[in-house]
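Remarks on the overall topology
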Amino acid sequence: MKNGRWKKLAAALLAGMMAVSMAMTASAVNLQETEWDISKSKTATNLDENFESKVTLSLPAAEEQLVTDVVFVLDKSTSADLEQQALDMLANLKEQVEGTGAKVQVGVVIFNKVANVTPLTDLATGYETIEKAITTEYKSGTNTHAGLLAGKKMLDEDTAVEASRKYLIFVSDGLTYMYNEEPTVTAWSFWADAVVNWAGPDNWKSKYDSVDPPENWAEWLKTIGAQVEKQGTQYEYPYGGTVEKSTPVDEYKVYANSIDKALYLTYELYQDCKDAGYHCYAMTANTSSGKGLPWGPSFMEYLAGGEEYSFADIQNDIYYLLDAGSKVVDTMGKTDDYDFDFVNDLSKITLTVDGKEQAKVKVSENVYGFGVYSENLDLYDYLLEYDPKVDAFTLSINVPVEITKPVQLTYSVKLANPKTEAGVYGKYDADGSQGYEGLYTNNSAVLYPVATDGQQGAAEEFPMPTVSYEVKAPDPGPAPDPGPAAGDNGSALPFVLVMAAAGLGAVVAVFGLRRRERSSK
């Protein structure tokens, strides 16, 4: 790549990074309230003798077995072709996660008038069980509400798996006319049926004089919601049971019939699944009955929000944690009391994918590339751009991140202003799980995720590790010998012996002197 092109790219990206950093700082309080959806972690080693710490960002989270729940809620009338597409998707997923730390659990709900449930089963060991559940044929009735109730219950009850790793695939022609776990219908009467009450797909034309869908489903649901609330359950009875009270014949158009309530409850429950954080896919079953009653397939299209999903798309959503275009903005830890600086040295920065260190290169001043360089995109797989003015960097992720191949960036920070007074400073929390305050290696690290469908997700914060260090008081050295203490019997004997020896020496000296004097006379 030519230097001129890199300089332009780096300048543009750095400018963008600074704008993101400022926006991030301004909205830090809001980000704290954002629920973490993408599996991720951040860890830090405690400060060494040089007051440095190694920080590691991981996607997905380090030391975590990534488990995924996939629940199929299938209409009994789902075509064999769609069933095979679902099985092909599962076979591919099974192959992708085989031999890795990832795990996929699959549950199956086939609904007719009731929900027929096969509980969550490990895809790696129970593929045949799942295949049998999907291909089993059922007859009699259509109760989409019961199917979704069972599917949501299965996902809700697996509390060990994060909501963001739960997927609900709802396939139907939309031609429902029962509701509740135990099939229930409304005793709805109209001018042509003043005596016998019945529930079935033809109730739509009986009320709306057409098989066409409403012009505006949102307005229709609002109207039906009011009708359902007003009439309550007074006209309901178990499907196949005895009618006790029917709606007035001469006002049938202002009452919700079985189809109305079944569709309304199905819509409400599907929204509940989305609100719970589950990935939801509404797909239209390819059946001939749906072609004759277009209100059914139209309802499924409305649930899907106009999106056309394929099992290949869903497979990618499950297998890829993030798509290209995602980024992480990381700002070093600074307060009035401490100051951590990014160690801007490529030898101290590594990026691994599935534990394998990626090739790295200094692209330009403060810009580093990791992984494979793409001539077509004029980019590396991963690009780290450091801005010394704000002591922050942006890691741009230019390739999809697979759930079975974690991406980990490790870099160093250095405490620029350690204390000199004796004492222990900070508390060490390697992964930020303890919620300690102070000595954060980073003020924040924020993930800006992009999903496999290209949608930009909400910003999500990484946890915040803390570090600590100790400053010891200066060593005063050995204390001087104070000598024997007065009255110390333990030290008196050596003193007496010394003095006695001195006295004896004096006597000998005097005796010798006198001998010399006599000899001289």
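Counting of residues starts from 1 at the beginning of each chain's written sequence and follows it residue by residue. Only residues with pLDDT of 70 or above have their local features reported here, since the model is predicted, and side-chain atom pairs are shown and tallied only from 80 upward, although totals for entire chains, interfaces and linings are computed over all residues. Processing note: side-chain calculations cover all non-hydrogen atoms of the structure and skip hydrogens and water entirely.

1. A few points about the confidence of the model for the protein chain
Selection criterion: On a scale of 0 to 100, pLDDT captures the predictor's confidence in every residue. Throughout, a contact is declared for two residues whenever any of their heavy atoms are within 4.5 Å.
Counting all residues, the mean pLDDT for the protein chain is 86, and 84% of those residues have values of 70 or more. Within the model, pLDDT remains below 50 along residues 1-36, and this stretch shows 48 contacts once partners closer than five positions in the same chain are excluded. The low-confidence segment residues 490-521, where pLDDT is below 50, has two contacts with residues more than four positions distant or belonging to other chains.

2. Some details on the sheet that holds strand β5 (residues 115-122)
Quick reminder of the rule: Two strands qualify as a pair provided DSSP detects at least 2 bridges between them. The numbering of helices and of strands both runs from the N terminus, where a helix is a DSSP run of H or I of at least 4 residues and a strand a run of E of at least 2. Axis lines are fitted to C-alpha atoms, over the contacting stretch for helices. Their N-to-C directions set the angle, which ranges from 0 to 180 degrees.
One open sheet accounts for five strands, arranged β5-β4-β3-β6-β9; its pairing is mixed. Both edges of this open sheet fall to β5 and β9 (279-284), since each of them pairs with a single strand only. Across the sheet, the mean angle from the axis of one strand to that of its neighbour is 15 degrees, orientation sign disregarded. Here strand β3 (residues 67-75) pairs with strand β4 (residues 103-111) via nine bridges, running parallel.

3. Section: the pairing of β5
Of the pairings in the sheet, the one linking β4 to β5 comprises six bridges and is antiparallel in character. Considered in β5, the bridge of V106 is made with T121. Between β4 and β5, which pair antiparallel in sequence order, lie three residues.

4. A few points about the pattern of salt bridges
Heads up, the condition is: Salt bridge, as used here: a side-chain nitrogen of Lys or Arg that lies within 4 Å of a carboxyl oxygen of Asp or Glu. Note on classification: 1.4 Å probe, protein chains only; a residue is buried when its accessible area is under 20% of the maximum for its type, exposed when over 50%, partly exposed between these limits.
Summed over the entire model, instances satisfying the criterion amount to 14 salt bridges. Here K334 ties to D341 by a salt bridge, and the two come within 2.8 Å at their closest N and O atoms. Taking the relative accessible area as the measure of exposure, K334 reaches 29% and is therefore partly exposed. The exposure class assigned to D341 is partly exposed, which follows from its relative accessible area of 30%. For the salt bridge of K419 with D337, the shortest nitrogen-to-oxygen distance reads 2.8 Å. One end of the pair, K419, is in the loop between β20 (407-415) and β21 (423-425); the other, D337, is in the loop between β11 (326-332) and β12 (340-342), with 82 residues separating them in the sequence. By relative accessible area, K419 is classed as partly exposed at 31%. Counted as one network, the salt bridges with shared partners bring together K334, D339, D341 and D391.

5. Digging into the layout of surface pockets
Quick note on the threshold: Any residue with an atom within 4 Å of a point lines the site, the site being either a cavity, points on a 1 Å grid over the protein atoms alone where a 1.4 Å probe fits but cannot get out, or a pocket, an open set with protein on both sides within 12 Å along at least 5 of 7 lines. Grid points are joined across faces, edges and corners, and a volume is the space filled by probe spheres set on the points. Classification convention: Asp, Glu, Lys, Arg as charged; Ala, Val, Leu, Ile, Met, Phe, Trp, Tyr, Cys, Pro as nonpolar; all other residues, Gly among them, as polar.
Of the volumes computed, that of the largest pocket is approximately 1000 Å³. For the lining of the largest pocket, the secondary-structure elements that each account for two or more residues are α8 (258-275), β9, α11 (311-319) and β10 (320-322). Tallied by class, the residues present in the lining of the largest pocket amount to 15 nonpolar, nine polar and nine charged. In this model, the second largest pocket occupies a volume close to 350 Å³. If you go around the second largest pocket, you meet 22 residues; those closest to its centre are S39, K40, A61, E64 and E162. Looking at which element gives the most residues to the lining of the second largest pocket, the answer is strand β1 (residues 41-44), with three residues. Taken together, the residues that form the lining of the second largest pocket break down as nine nonpolar, five polar and eight charged.

6. Regarding helix α7 (residues 217-231)
Definition in use: In this scheme, a helix's expected span is set at 1.5 Å multiplied by one less than its residue total. Any pair of nitrogen or oxygen atoms within 3.5 Å is treated as a polar contact; in protein, a donor-acceptor pairing is required on top of that, and neighbouring residues in sequence qualify only through side-chain atoms on both sides.
When the terminal C-alpha atoms of α7 are compared, their 21 Å separation across 15 residues agrees well with the 21 Å that a helix rising 1.5 Å per residue should span. Along α7, the residues classified as buried are W217, W220, L221, I224, G225, Q227, V228 and Q231. Packing partners of the buried residues in α7 comprise β7 (184-186), α6 (203-208), α8 and α10 (295-303). By the N-cap criterion, in which a side-chain oxygen at the helix start approaches the backbone nitrogen of a residue two or three places on, α7 is capped by N216, the distance to A218 being 3.0 Å. Immediately downstream of α7, the backbone of G232 shows phi near 60 degrees, a positive value.

7. Points about the nonpolar core
Inside soluble globular proteins, nonpolar side chains tend to come together where they are buried. Put simply, the rule reads: Side-chain atoms within 4.5 Å link the members of a nonpolar core, which is a set of buried Ala, Val, Leu, Ile, Met, Phe, Trp, Tyr and Cys residues.
Counting 71 residues, the largest nonpolar core has F72, I169, L384, F393 and Y411 as the members making the most contacts within it. For this core, the element with the highest residue contribution is helix α3 (residues 80-97), accounting for seven residues. Ranked by size, the runner-up nonpolar core spans 44 residues in total, among them M154, M178, W220 and L221.

8. Focus on a negative patch on the surface
Note the cut-off: The patch calculation keeps residues exceeding 30% relative accessible area without a salt bridge and links them within 9 Å when they carry like charges or within 5 Å when they are nonpolar (Val, Leu, Ile, Met, Phe, Trp, Tyr). Using the Shrake-Rupley algorithm and a 1.4 Å probe, accessible areas are obtained, with residue cover drawn only from the displayed protein chains. In summary, the charge assignment counts Lys and Arg as positive and Asp and Glu as negative, without counting His or the chain termini. Charge positions come from single atoms, namely NZ of Lys, CZ of Arg, CG of Asp or CD of Glu.
On the surface, a cluster of negative charge is made up of E301, E307, E308, D313 and D453. Within the secondary structure, E301 sits in helix α10.

9. Considering the side chain of T266
Mapped onto the elements, T266 comes out in helix α8. Its relative accessible area of 0% is what places T266 among the buried residues. Not counting residues up to four positions away in its chain, the partners in contact with T266 are T144, H145, L148, F170, F299 and L303.

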